[in-house]
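What the coordinates show
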Amino acid sequence: KPGEQKHPKEPSPLQCMHLAVVACGDRLEETLIMLKSAVLFSNRRLCFHIFAEDSLKPEFEKKLKEWPSSYTKKFESNIYPITFSVGNAQEWKKLFKPCAAQRLFLPVILKDVDSLLYVDTDVLFLRPIDDIWHLLGEFNSTQLAAMAPEHEIPKIGWYSRFARHPYYGTTGVNSGVMLMNLTRIRSTHFKNSLIPGGLTWEEMLYPLYQKYKNYITWGDQDLLNIIFYFNPECLYVFPCQWNYRPDHCMYGSNCRGAEEEGVSILHGNRGVFHDDKQPTFKALYEVIRDFPFEDNLFQSLYYPLQSKFLDTVHTLCGRIPQVFLKQIEKTMKKVYENRVIVYLGANHRY
């Protein structure tokens, strides 16, 4: 209500939630759609940390400035060049996908940032970032990062079947959505397979890569799995609805959290936002891409999405539309209430 004092424990809207992404090659549009999904639904202010090739920097600056002021006031953005503080830069750049290894260096580069959420470019937020940001408060005294399992079922998981290096837990973890307490990461000495004593994050990265480079398939994600294999007490594992991938539905539905709560963060790995292998994922990407910022969310986003989903019911992922729609519908209702009902209540007396 107007004039009411906020609860003292409520975070200030002025405090930034830090979101980091690494974009190289042809990932400009995909990254912008990810950032758009973040801004559409977030409550608190966002700070974007975009690591990009030099050629992409002016394009990012231009496109972000074109967004309407009602949205640009919700975030600030910083664009950084691709840099690697230790080892051979060319080797790091070629590790798995172009520039993906940059995420390993976020604690070293962003020295003034306490915590952040890293996501791959092929991610869409279907609910406020505020909700995953709150998980930082659930870390115990030793946890300094959070990721979701790579798979829910060991017998069909990649790591449990094929990995030739140590990995976390029974199925490994997926690093496409990674919540990080950078302050803790910078101050921790990690157990490792290199020397008997602990090493700092920066000291460990290149020697670890040198030791395992002939055995890793998924680049920096494999290195993170190796690190947390030796330091399992440092990792908080969040459920699959926070990093929902085609693997969670293309072999039959196997993410119980998404069945119960709906998908919170959609991860379109395997390129499924851009081909026809998983039309449910592509439909979500295209609807958010095409949504005019200041239109009505239900009319211009939710209803077109429902319509597109009718064409996907012949696929395994398309048979469970409620999994994809539940959270986004709930989120849009909240956005509507915040922007319309609360606004009217504050400005009109009845």
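Residues numbered from 1 in each chain as written. Predicted model: local features only at pLDDT ≥ 70, side-chain atom pairs only at ≥ 80, totals over all residues. Heavy atoms only, no water.

By the naming in an unreviewed UniProt entry, the chain goes by UDP-D-xylose:beta-D-glucoside alpha-1,3-D-xylosyltransferase and is assigned to Orthonyx spaldingii. The chain has a UniProt comment under Subcellular location (unreviewed entry) that states "Membrane". (UniProt positions renumbered as here; feature names shortened; annotations may be inferred.)

**A look at unusual backbone geometry**
Look at Arg 270: it is not a glycine, yet its phi comes out positive at around 65°. Classification of Arg 270 as partly exposed rests on a relative accessible area of 47%. (Buried < 20%, exposed > 50% of the residue type's maximum accessible area, 1.4 Å probe, protein only.)

**Details of the side chain of Asp 122**
For Asp 122, the location among the structural elements is in the loop between β4 (115-119) and β5 (123-125). A polar contact of 3.1 Å, which involves the side chain of Asp 122, links it to the side chain of His 267. (Helix = DSSP H or I, 4+ residues; strand = E, 2+ residues; numbered from the N terminus. Polar contact = N/O pair within 3.5 Å; in protein donor to acceptor, adjacent residues only side chain to side chain.)

**Topic: the sheet that holds strand β1 (residues 17-23)**
Strand pairing within a sheet occurs via backbone hydrogen bonds; the two strands may be parallel or antiparallel. Reading across the sheet, the seven strands line up as β3-β2-β1-β4-β7-β6-β8 and stay open at both edges, with mixed pairing between neighbours. With one partner strand each, in any of the chains shown, β3 (75-80) and β8 (235-237) form the two edges of the open sheet. Between one strand axis and the next, the sheet turns through 25° on average, direction left out of account. Of the strands in this sheet, β1, β2 (46-52) and β3 touch helix α2 (residues 57-65), which is tilted by about 170° from β3. (Pairing = 2+ DSSP bridges. Axes fitted to C-alpha atoms, helices over the stretch in contact; angles between N-to-C directions. Contact = heavy atoms within 4.5 Å.)

**Remarks on the state of the cysteines**
Counted by the stated rule, this structure contains four disulfides. Shown here is the disulfide that connects Cys 16 with Cys 47, its sulfur atoms set 1.8 Å apart. Disulfide Cys 16 to Cys 47: torsion about the S-S bond roughly 70°, handedness right-handed. Taken as a pair, Cys 16 in the segment before β1 and Cys 47 in strand β2 lie far apart in primary sequence, 31 residues in all. Residue Cys 47 is classed as buried on the basis of its relative accessible area, which comes to 4%. (Disulfide = S-S within 2.5 Å.)

**Points about the packing of aromatic side chains**
Throughout the structure, instances matching the rule amount to 21 aromatic pairs. Between the aromatic rings of Phe 84 and Phe 105, the centroid separation amounts to 5.4 Å while the plane-to-plane angle is 75°, which identifies the pairing as edge-to-face. Note that Phe 84 is positioned in the loop between β3 and α4 (89-94) and Phe 105 in the loop between α4 and α5 (106-109), a separation of 21 residues in sequence. Residue classification places Phe 105 among the buried positions, given a relative accessible area of 0%. Against the face of Phe 293 rests Lys 36, its NZ or CZ located 5.0 Å from the ring centre. (Phe/Tyr/Trp six-rings, centres within 6.5 Å; stacked < 30°, edge-to-face > 60°. Lys NZ or Arg CZ within 6 Å of the ring centre and 35° of its normal.)

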